[in-house]
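# Structural description and commentary
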Amino acid sequence: MQSAGESHQGHPEGAGGGTPAGDSGHRTAAVIPAAGRGIRLGPGAPKALRALSGTPMLVHAVRAMARSRAVSLVVVVAPPDGADEVRRLLDEHTGPAETSTDIVVVPGGETRQDSVRLGLAALPDDVDSVLVHDAARPLVPVETVDAVAAAVREGAPAVVPALPVSDTVKEVQVRGNGEAEPVTGTPERSRLRAVQTPQGFELKVLAAAHAQVVREGDGATDDAGMVERLGVEVVVVPGHDEAFKVTRPLDLVLAEAVLARRRATDGF
Ligand code: CTP
Ligand code: MG
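Residues numbered from 1 in each chain as written. Chains lettered and ligands numbered in written order. Predicted model: local features only at pLDDT ≥ 70, side-chain atom pairs only at ≥ 80, totals over all residues. Heavy atoms only, no water.

## Quick notes on the site of ligand 1
Taken together, 18 residues surround ligand 1, and among them Pro-33, Ala-35, Ile-39, Ser-115 and Lys-245 come closest. Bound to the protein, ligand 1 loses 87% of the 560 Å² it would expose on its own. More than half of the atoms belonging to ligand 1 lie within 2 Å of the grid points that define the largest pocket. Among the residues forming the shell around ligand 1, the class breakdown is six nonpolar, five polar and seven charged. (Near = heavy atom within 4 Å. Areas by Shrake-Rupley, 256 points an atom, 1.4 Å probe, with all protein chains shown as cover. 1 Å grid on protein atoms, 1.4 Å probe; cavity = no way out; pocket = protein on both sides within 12 Å on 5 of 7 lines; lining within 4 Å. Sits in = over half its atoms within 2 Å of the grid points. Nonpolar A, V, L, I, M, F, W, Y, C, P; charged D, E, K, R; others polar.)

## Looking at helix H1 (residues 57–66)
Given 3.6 residues per turn, any residue in an α-helix points the same way as the ones three and four places further on. Here H1 lies mainly inside the structure; 10 of its 10 residues are buried. All of the buried residues in H1 are Met-57, Leu-58, Val-59, His-60, Ala-61, Val-62, Arg-63, Ala-64, Met-65 and Ala-66. (Buried < 20%, exposed > 50% of the residue type's maximum accessible area, 1.4 Å probe, protein only. Helix = DSSP H or I, 4+ residues; strand = E, 2+ residues; numbered from the N terminus.)

## What to know about helix H5 (residues 203–216)
Over its 14 residues, H5 extends 20 Å from the first C-alpha to the last, a length consistent with the 20 Å expected when each residue adds 1.5 Å. Burial in H5 covers these residues: Leu-203, Val-205, Leu-206, Ala-209, His-210, Gln-212 and Val-213. Packing partners of the buried residues in H5 comprise helix H3 (112–121), strand E6 (129–132), strand E11 (199–202) and helix H6 (223–229). Backbone geometry just after H5 places Gly-217 at a positive phi near 70 degrees. (Expected span 1.5 Å × (residues − 1). Contact = heavy atoms within 4.5 Å.)

## So, the packing of H1 against helix H2 (residues 83–93)
Direction vectors running N to C along H1 and H2 enclose 60 degrees, while the axes themselves pass 10 Å from each other. In this view, H1 runs oblique relative to H2, as classed from their interaxial angle. The two elements H1 and H2 meet at a crossing, and its hand is right-handed. Note on element contacts: H2 touches H1 through Val-86, Leu-89, Leu-90 and His-93, opposite Leu-58, Val-59, Val-62 and Arg-63. Along the lines of polarity and charge, the residues of the contact of H1 with H2 split into six nonpolar, one polar and one charged. (Axes fitted to C-alpha atoms, helices over the stretch in contact; angles between N-to-C directions. Parallel < 35°, antiparallel > 145°, perpendicular 65-115°, else oblique. Left-handed = near helix turned anticlockwise from the far one by under 90°.)

## Digging into the side chain of Thr-197
Checked against the element boundaries, Thr-197 lands in the loop between strand E10 (193–195) and E11. A distance of 2.8 Å separates a polar atom in the side chain of Thr-197 from a polar atom in the side chain of His-133. Not counting residues within four places of it along the chain, the set of residues in contact with Thr-197 comprises Arg-112, Val-132, His-133, Asp-134, Arg-137, Val-140, Pro-161 and Ala-243. (Polar contact = N/O pair within 3.5 Å; in protein donor to acceptor, adjacent residues only side chain to side chain.)

## Description of the environment of Thr-221
Within the secondary structure, Thr-221 sits in the loop between H5 and H6. The exposed category is assigned to Thr-221, whose relative accessible area is 81%. Residues Thr-221 and Arg-112 lie 109 residues apart in sequence; the distance between their C-alpha atoms is 8.6 Å.

## Thoughts on the environment of Lys-204
Looking at where Lys-204 falls in the secondary structure, it is placed in helix H5. Residues Lys-204 and Val-130, spaced 74 residues apart in sequence, show a C-alpha to C-alpha distance of 9.4 Å.

## Digging into the nonpolar core
As a rule of thumb, soluble globular proteins bury nonpolar side chains together. By size, the foremost hydrophobic cluster in this structure holds 34 residues, and its most contacted members are Leu-58, Met-65, Val-74 and Val-76. In terms of residues, this core owes the most to one element, H1, which gives six residues. Residues within four places of Val-74 in sequence aside, it is in contact with Ala-30, Ile-32, Val-62, Met-65, Thr-101, Asp-102, Ile-103 and Val-104. (Core = buried A, V, L, I, M, F, W, Y, C linked by side-chain atoms within 4.5 Å.)

Here it is in structure tokens:
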């Protein structure tokens, strides 16, 4: 059931060079970690199940992946006790854009890293590359998904979309409790990037990174960070403003505004 607001404007099918699944013998899957509680968003249902413009955030994220012709399988990592509910929601909302994409649901874990690992474990052996995409970034344009998928298919082992940062960033001695925190440094802003998802990987590389974390403990705040620790090169491609993460209540206001603008631009 694809509502009018969901048909994202202005992208030619397969823009960005994503090869249709199967054509090149290269298979790309997406893993969507959606098992978080959404503490920073405030009380309510798990974040991924909250509605944006009447449709669960997770459904928007699944559609964003399924729209990319490069992606033939989507693994959704649901809240540990919510896999059945997520399956039901997805069946209810699956429309023409998703029918050519297999959607699998698995229960998630305590941390994002655990959830991604559980998602990777559900991938079949014939998958060559994987896009890991936060359910909390429901509005990523298909062009960004295609660009990341294409860069991996063209041989990059790890690719992250990112944007230049607009705020100056300070490093501090962390004190907390609202106490004044001494500044220890100011990295040069022009060299900083704020990273988004989907992050794309050769599956073997990401699986090795996760295996290393299981052996040695201590992860990273994103998947690319774990791959960097393996000593594998990670490259950045342009991200997109609309790939922002819904984290705090104000982000919901922005997401609704983006959807309203898409509806207006699409003529609905
Ligand atoms: N995530 C997950 N499993 C967890 C924690 C997070 O799959 N145990 C997912 C979230 O569902 C989200 C993505 O990782 O799609 C990014 O995490 P974040 O934005 O931090 O979401 P939450 O952890 O849900 O939010 P908060 O940190 O505010 O509780
Ligand atoms: Mg979190």
